[in-house]
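Listed here are the chains, written in short residue letters.
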2 protein chains.
Amino acid sequence: MQNYKVIIQYDGTDYHGWQVQPNRVTIQGELTRILSQLDDRPVTVYGAGRTDAGVHAEGQVANFWLEHRFSSRELRDAMNGNLRRDIRILDALALDDAFNARTSAKLKNYRYRIWNADVGNPFLSRYVYQYRKRLDIDEMHEAAAALVGAHDFSAFTPAQSDAEDHFRTLQKLDLERDGEIVSITAAASGFLRYMVRTIAGTLIDVGRGRRSAKSVRLALESRMRSNAGPTAPACGLTLMRVDY
Amino acid sequence: MQNYKVIIQYDGTDYHGWQVQPNRVTIQGELTRILSQLDDRPVTVYGAGRTDAGVHAEGQVANFWLEHRFSSRELRDAMNGNLRRDIRILDALALDDAFNARTSAKLKNYRYRIWNADVGNPFLSRYVYQYRKRLDIDEMHEAAAALVGAHDFSAFTPAQSDAEDHFRTLQKLDLERDGEIVSITAAASGFLRYMVRTIAGTLIDVGRGRRSAKSVRLALESRMRSNAGPTAPACGLTLMRVDY
């Protein structure tokens, strides 16, 4: 058996997220299906990040064991030949047995994009959250600073979360405006469910003047979900890269 | 009655082109429908370029007369509020009666994009033609040079074309590679049906080594459609700008 690592791009619009679910089309489900055909046996696919329904990936990472031996190019092309065009394998390579896409991951990098203009963009509407009123990036930046570092992020995940603990270390939380696009980039070894989207929704509330930068620190410290802002829509979120 | 000019962006994927057709959803049809509601009477919409089914626009231009008076912002927002998100009005302005989007147009600028890489791009698949084999831009450039200027373009439009004459003046036909994307840009006061896509399909044939640059000149001179290359898929084409 050979352990393979693949780097995957997908437009998540038409999928019920990464994780296999009965009677739902998911990214993991599609990969499992085509790899099991390719290897003539049930293949298990391990993913770095369980992206939610509608969330995209520029660089999701997965691994799996196959009985058949493939060159990088063979495996990449065989997979792409059997996947819909909204999922693409960018790269495939054979790795030693110790590699696991989830447990070996050091840092996951997400980006949340807002199309911040009077008029929406028809070509990006699947990939951004459209918000008209001009966002105050300086205020958002100040609010973001309070979230960087090691914290209990209970305020930024559903109260009924099944994670064992809610401590996570946010290595980076940056904001940038490029023309009409405001990007929020976040990096951590792990995130809680909806964490990036709830951070984005809370920062958007700050940017639109609905809450103060200081209230974000207080929400974090309260560890109560009700003190943070709304969960921003899935379409704006993309898993950009996983570092090992 | 006031004459209004609008600049329109659209993702043409889900439309049967610009022009109104019975029982088909078209861009002109959608604009006609919402403007007739807005003005409480049947409104006629004149467009600069009749884009085909699946073709996109970054800067299509149209005009129409309304009884109601609107500020630019009011008209833009009222239209955007009633259109699907894949059609956006970028700008609206009141103009004198002499302005007609079609007959006043001086130059139409189209872009044909090819995603030229081993692996397709899931985020651009609606907006580019995906072709794997590396295209030879230098050869394509040489072939393109033969097409610039005033010619009978019969070889680049269907034989059963209903245009009165097939003489057009191609002001510009440029090629550029930017990473994985090869762009063909074409500018003329008017184009024949499928002309840009047939030029693109013929240049792609040159770029992939299937025909010589010289054969393109011979095809043009022959004025026979069968001597040019295939009509490239609609999804790669975008009406970029109309100059007045």
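What you see is a predicted model; the values in this text were computed from it and never measured. (Residues numbered from 1 in each chain as written. Chains lettered and ligands numbered in written order. Predicted model: local features only at pLDDT ≥ 70, side-chain atom pairs only at ≥ 80, totals over all residues. Heavy atoms only, no water.)

Student: Quick question: what am I supposed to make of the pairing of strand β10 (residues 237-243) of chain A here?
Tutor: Regular strands place side chains that alternate from one sheet face to the opposite one. Residue and element names in this part refer to chain A. In the sheet, strand β3 (residues 56-66) pairs with β10 via two bridges, with the strands oriented parallel. The residue of β10 that forms the bridge with A57 is L239. Alignment of strand β5 (residues 107-115) against β10, held across six bridges, turns out to be antiparallel. Bridging from a neighbouring strand, R111 pairs with T238 of β10. (Pairing = 2+ DSSP bridges. Helix = DSSP H or I, 4+ residues; strand = E, 2+ residues; numbered from the N terminus.)

Student: How should I be thinking about the packing of aromatic side chains in this particular structure?
Tutor: Between two aromatic rings, the relevant description is the distance of the centres plus the angle of the planes. Applying the stated criterion across every chain, the model contains 14 aromatic pairs over all chains. Relative to F191(A), the ring of Y110(A) lies with its centre 5.3 Å away and its plane at 90°, an arrangement referred to as edge-to-face. Linking Y110(A) in strand β5 with F191(A) in the loop between β9 (181-188) and α4 (195-207), this pair joins segments that are 81 residues apart in sequence. With respect to class, Y110(A) is no different from F191(A); both count as buried. Where Y127(A) meets F123(B), the ring centres are 5.3 Å apart and the plane angle is 90°; that geometry is what we call edge-to-face. Placement of the pair is Y127(A) in the loop between β5 and β6 (129-130) and F123(B) in the loop between β5 (107-115) and β6 (129-130), with the two residues belonging to separate chains. Assessed through its relative accessible area of 4%, Y127(A) is described here as buried. A cation over a ring is seen here: R193(A) above Y194(A), with NZ or CZ 4.7 Å from the ring centre. (Phe/Tyr/Trp six-rings, centres within 6.5 Å; stacked < 30°, edge-to-face > 60°. Buried < 20%, exposed > 50% of the residue type's maximum accessible area, 1.4 Å probe, protein only. Lys NZ or Arg CZ within 6 Å of the ring centre and 35° of its normal.)

Student: Where do I start with the pattern of salt bridges in this structure?
Tutor: Pairs can form between side chains of opposite charge once their charged atoms are near each other. A complete count under the given rule lists 38 salt bridges over all chains for this structure. Between D205(A) and R208(A) there is a salt bridge, with the nearest N and O atoms lying 3.8 Å from each other. Overall, R208(A) belongs to the partly exposed group, its relative accessible area being 27%. Linked by salt bridges that have partners in common, R73(A), R76(A), D77(A), D118(B) and R132(B) make up one network. (Salt bridge = Lys/Arg side-chain N within 4 Å of Asp/Glu carboxyl O.)

Student: Please clarify how the relation of the copies chain B and chain A should be interpreted in this entry.
Tutor: The two chain copies are related to each other by a rotation about an axis together with a translation along it. Laying chain B over chain A is done by rotating through 180° and shifting 0.0 Å along the axis; what remains is an RMSD of 0.0 Å. A rotation of that kind, with that shift, is consistent with a two-fold axis. A shared interface surface links the copies, since 100% of the contact residues of chain B are contact residues in chain A too. (Least-squares fit on C-alpha atoms with pLDDT ≥ 70 in both. Contact = heavy atoms within 4.5 Å.)

Student: It is not clear to me how the interface of chain B and chain A should be interpreted in this structure. Could you clarify?
Tutor: Interface size is often expressed as the accessible area that is lost when the parts come together. Across the boundary between the two partners, chain B contributes 26 residues, which contact 26 residues of chain A. Summed over both partners, the interface of chain B with chain A buries about 2000 Å², with 55% contributed by carbon and sulfur atoms. Residue R73(B) is joined to D118(A) by a salt bridge in which the shortest nitrogen-to-oxygen separation is 3.7 Å. If you list the elements that add at least two residues to the side of chain B that touches chain A, you get β1 (2-10), β3 (56-66), α2 (72-82) and β4 (87-95) of chain B. (Buried area = accessible area lost by both parts, 1.4 Å probe.)

Student: Got a minute to help me understand helix α4 (residues 195-207) of chain B in this structure?
Tutor: Note on helix geometry: an α-helix contains 3.6 residues per turn, so any two residues three or four positions apart are oriented the same way. With 13 residues, α4(B) extends 18 Å from end C-alpha to end C-alpha; this agrees with the ideal 18 Å at 1.5 Å per step. A positive backbone phi angle near 80° is found at G209(B), which sits one or two residues after α4(B). (Expected span 1.5 Å × (residues − 1).)

Student: Sorry, what's going on with the side chain of H56(A) here?
Tutor: Of note, H56(A) is situated in strand β3. In this structure the side chain of H56(A) is engaged in a polar contact, spanning 3.1 Å, whose partner is the backbone oxygen of C235(A). Sequence-distant contacts of H56(A), that is, excluding residues within four places in its chain, are made with Y10(A), D11(A), G12(A), T13(A), T51(A), R126(A), Y127(A), C235(A), L237(A), T238(A), L239(A) and F123(B). (Polar contact = N/O pair within 3.5 Å; in protein donor to acceptor, adjacent residues only side chain to side chain.)

Student: Quick question: what am I supposed to make of a negative patch on the surface here?
Tutor: Residues and elements named next belong to chain A. Negative charge collects at one region of the surface, where D136, D138, E139 and E142 lie side by side. Mapped onto the elements, D136 comes out in the loop between β6 and α3 (137-145). We classify D136 as partly exposed; its relative accessible area is 34%. (Patch = residues over 30% accessible without salt bridge, like charges linked within 9 Å, V, L, I, M, F, W, Y side chains within 5 Å. Areas by Shrake-Rupley, 256 points an atom, 1.4 Å probe, with all protein chains shown as cover. Lys, Arg positive; Asp, Glu negative; His and termini not counted. Charge placed at Lys NZ, Arg CZ, Asp CG, Glu CD.)

Student: I keep staring at the domain arrangement of chain A and nothing clicks. Help me out?
Tutor: Residues and elements named next belong to chain A. Here the domain parsing of chain A yields domain 1 (2-95) and domain 2 (107-243). If you average the C-alpha positions of domain 1 and of domain 2, the two centres end up 27 Å apart. Counting residues at the interface gives 16 residues for domain 1 and 16 residues for domain 2. Both sides together, the interface formed by domain 1 and domain 2 hides about 1200 Å², and carbon and sulfur atoms give 52% of it. By the criterion of area lost to domain 2, the three top residues of domain 1 are D52, H56 and E58, representing 40% of everything that side buries. (Domains from an automatic or database assignment.)

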